[in-house]
Amino acid sequence: MKVLKCRDLGNNCNFIVTGNNADNIKNDILNHLRKDHTDSFFNMSEEDKADTYHRIDVLLSRGCGCGAL
Ligand SMILES: [Zn+2]
């Protein structure tokens, strides 16, 4: 079971995605970012977006979701 918190991506938000499939979790969190953090998401530079995607991958590959980096 994997856990990804929106807070881990630097947002002051309690949204959490859980699941076993990293691709599904990634989809869910990206949908959430587009829907609930629309302004910050679309104002992000390509560099920041790449950084966010990378951070999602790192967080999911850890699999524990405890947020301790
Ligand atoms: Zn959020």
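Quick note: structure is the one above.
Residues numbered from 1 in each chain as written. Predicted model: local features only at pLDDT ≥ 70, side-chain atom pairs only at ≥ 80, totals over all residues.

Caption draft 1: Seen up close, the overall build of the chain. Counting its regular elements, the chain contains 3 helices and 2 strands. Ordered by position from the N terminus, the helices and strands of the chain form the series β-β-α-α-α. Within the chain, the proportion of its 69 residues that are buried is 12%. (Helix = DSSP H or I, 4+ residues; strand = E, 2+ residues; numbered from the N terminus. Buried ≥ 20, exposed ≤ 12 C-beta atoms within 10 Å, placed from the backbone.)

Caption draft 2: Structural context of the nonpolar core. By size, the foremost hydrophobic cluster in this structure holds 8 residues: Leu4, Val17, Ile25, Ile29, Leu33, Ile56, Leu59 and Leu60. Going through the elements one at a time, helix H1 (22-36) and helix H3 (46-62) are the ones with two or more residues in this core. (Core = buried A, V, L, I, M, F, W, Y, C linked by C-beta atoms within 7 Å.)

Caption draft 3: Quick peek at H3. Relative to the 24 Å expected for 17 residues at 1.5 Å per residue, H3 spans 24 Å between its end C-alpha atoms, a close match to the ideal helical length. Buried residues of H3: Ile56, Leu59 and Leu60, and no others. Axial view of H3: buried residues confined to an arc of 95°, hence all on one face. More than 90 degrees from the buried face of H3, the exposed residues found are Glu46, Glu47, Ala50, His54, Asp57, Val58 and Ser61. (Expected span 1.5 Å × (residues − 1). Arc of directions from axis to C-beta.)

Caption draft 4: The arrangement of the environment of asparagine 20 in detail. Considering the arrangement of structural elements, one finds asparagine 20 in the loop between strand E2 (16-19) and H1. Between the alpha carbons of asparagine 20 and methionine 1 there is a distance of 4.8 Å; along the sequence they are 19 residues apart.

Caption draft 5: H1, seen in detail. In this model, H1 (15 residues) spans 21 Å end to end at C-alpha, consistent with the 21 Å of a helix rising 1.5 Å per residue. Buried within H1 we find Ile25, Ile29 and Leu33. The buried residues of H1 occupy an angular sector of 70° when projected down its axis, which confines them to one face. For H1, exposure combined with an orientation more than 90 degrees from the buried face picks out Asp23, Asn24, Asn31, Arg34 and Lys35. Residues of H1 that are buried make contact with strand E1 (2-5), E2, helix H2 (38-43) and H3. (Contact = placed C-beta atoms within 7 Å.)

Functional significance is not addressed by these values, which are geometric in nature.
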